[in-house]
Amino acid sequence: MTEEKKPLSRSEREAQIKDRAGFVIVVLAALLAINTMIGGQNSSKTMNNTIAANNQWAWYQAKNMRQVLYETAAVESKIPENKAKFEADAARMKADKEEIMAKAKALEAERDVARQKSPWFTWGGSVLQIGIVLLTASILAVSMPMFWVSIVVGSVGAILVSQALWMWMPLSM
């Protein structure tokens, strides 16, 4: 004989939702903590690379000024040894500028990548928080439909965090 399933009582439904939601809350909270930590590092990288690139460009400008001064001194010099020294110094400044420019552009490129990731960390963290709130509400309301909605919202948050980490979708904000 087949046994008919009885509908769960409110306390049984509540226990079932508490067990499931509690586990999912822990997972989403851990993901939120990871997102917050890496997102903070990303923000620091954006700021630090902006400052470092600006410093490199300031140094580039200083080298450029010195190069112009050496070139001018070489043109105006009447003494051949001094003219040769000024021309060598001007050439060294030019080589230094090339190196500085390469470093500045590399820092700007890293900064730009970090900037692209930043909104994804923000959105991912916000959506994960909403998922956690909905899970808590599903426990209080003893509502399985709300539990499943919170699972969907939390999954969207996890997808947004994965986009922030790996930039796998060809989208930019």
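The rules behind each value
Residues numbered from 1 in each chain as written. Predicted model: local features only at pLDDT ≥ 70, side-chain atom pairs only at ≥ 80, totals over all residues. Heavy atoms only, no water. Axes fitted to C-alpha atoms, helices over the stretch in contact; angles between N-to-C directions. Helix = DSSP H or I, 4+ residues; strand = E, 2+ residues; numbered from the N terminus. Parallel < 35°, antiparallel > 145°, perpendicular 65-115°, else oblique. Left-handed = near helix turned anticlockwise from the far one by under 90°. Nonpolar A, V, L, I, M, F, W, Y, C, P; charged D, E, K, R; others polar. Buried < 20%, exposed > 50% of the residue type's maximum accessible area, 1.4 Å probe, protein only. Contact = heavy atoms within 4.5 Å. Salt bridge = Lys/Arg side-chain N within 4 Å of Asp/Glu carboxyl O. Phe/Tyr/Trp six-rings, centres within 6.5 Å; stacked < 30°, edge-to-face > 60°.

Novice: Describe the packing of helix H1 (residues 10-76) against helix H2 (residues 80-141), listing the residues and the values that go with them.
Specialist: Close contact between H1 and H2 brings their axes to 5 Å; oriented N to C, the two are set at 165°. Judged by the inter-axis angle, H1 sits roughly antiparallel to H2. Crossing geometry of H1 relative to H2 is assigned as left-handed. Residues belonging to the contact of H1 with H2 are distributed by class as follows: 32 nonpolar, 16 polar and 20 charged.

Novice: Summarise the side chain of Ser143; cite the residues concerned and give the values.
Specialist: Position of Ser143 among the secondary structure elements: in the loop between H2 and helix H3 (144-166). On the basis of relative accessibility, which here comes to 17%, the residue Ser143 falls in the buried class. The residues contacting Ser143, other than those within four sequence positions of it, are Ile17 and Ser138.

Novice: Please give an account of the pattern of salt bridges that cites residues and values.
Specialist: Tallying each qualifying case throughout the model produces six salt bridges. A salt bridge links Lys103 to Glu99; its shortest N-O distance comes to 3.5 Å. Of this pair, Lys103 and Glu99 are both found in helix H2, four residues apart, which corresponds to roughly one turn of the helix. We classify Lys103 as partly exposed; its relative accessible area is 41%. Through salt bridges with shared partners, a single ionic network connects Lys85, Asp89 and Arg92.

Novice: How would you summarise the environment of Gly22 if you had to cite specific residues and measurements?
Specialist: Mapped onto the fold, Gly22 is located in helix H1. Gly22 sits in the partly exposed class, given a relative accessible area of 28%.

Novice: Run through the packing of aromatic side chains, naming residues and quoting values.
Specialist: Inspection of the entire model under this criterion finds three aromatic pairs. Both rings, one in Trp57 and one in Tyr60, keep their centres 5.4 Å apart while their planes meet at 70°; by these two values the pair is edge-to-face. You can see Trp57 and its partner Tyr60 sitting in helix H1, three residues apart, about one turn around the helix. Trp57 gets classed as partly exposed once you look at its relative accessible area, which sits at 25%. Measuring from centroid to centroid gives 5.0 Å for Phe147 and Trp148, while their planes differ by 75°, and the two rings are edge-to-face.

These values are about where atoms sit, not about what they do.
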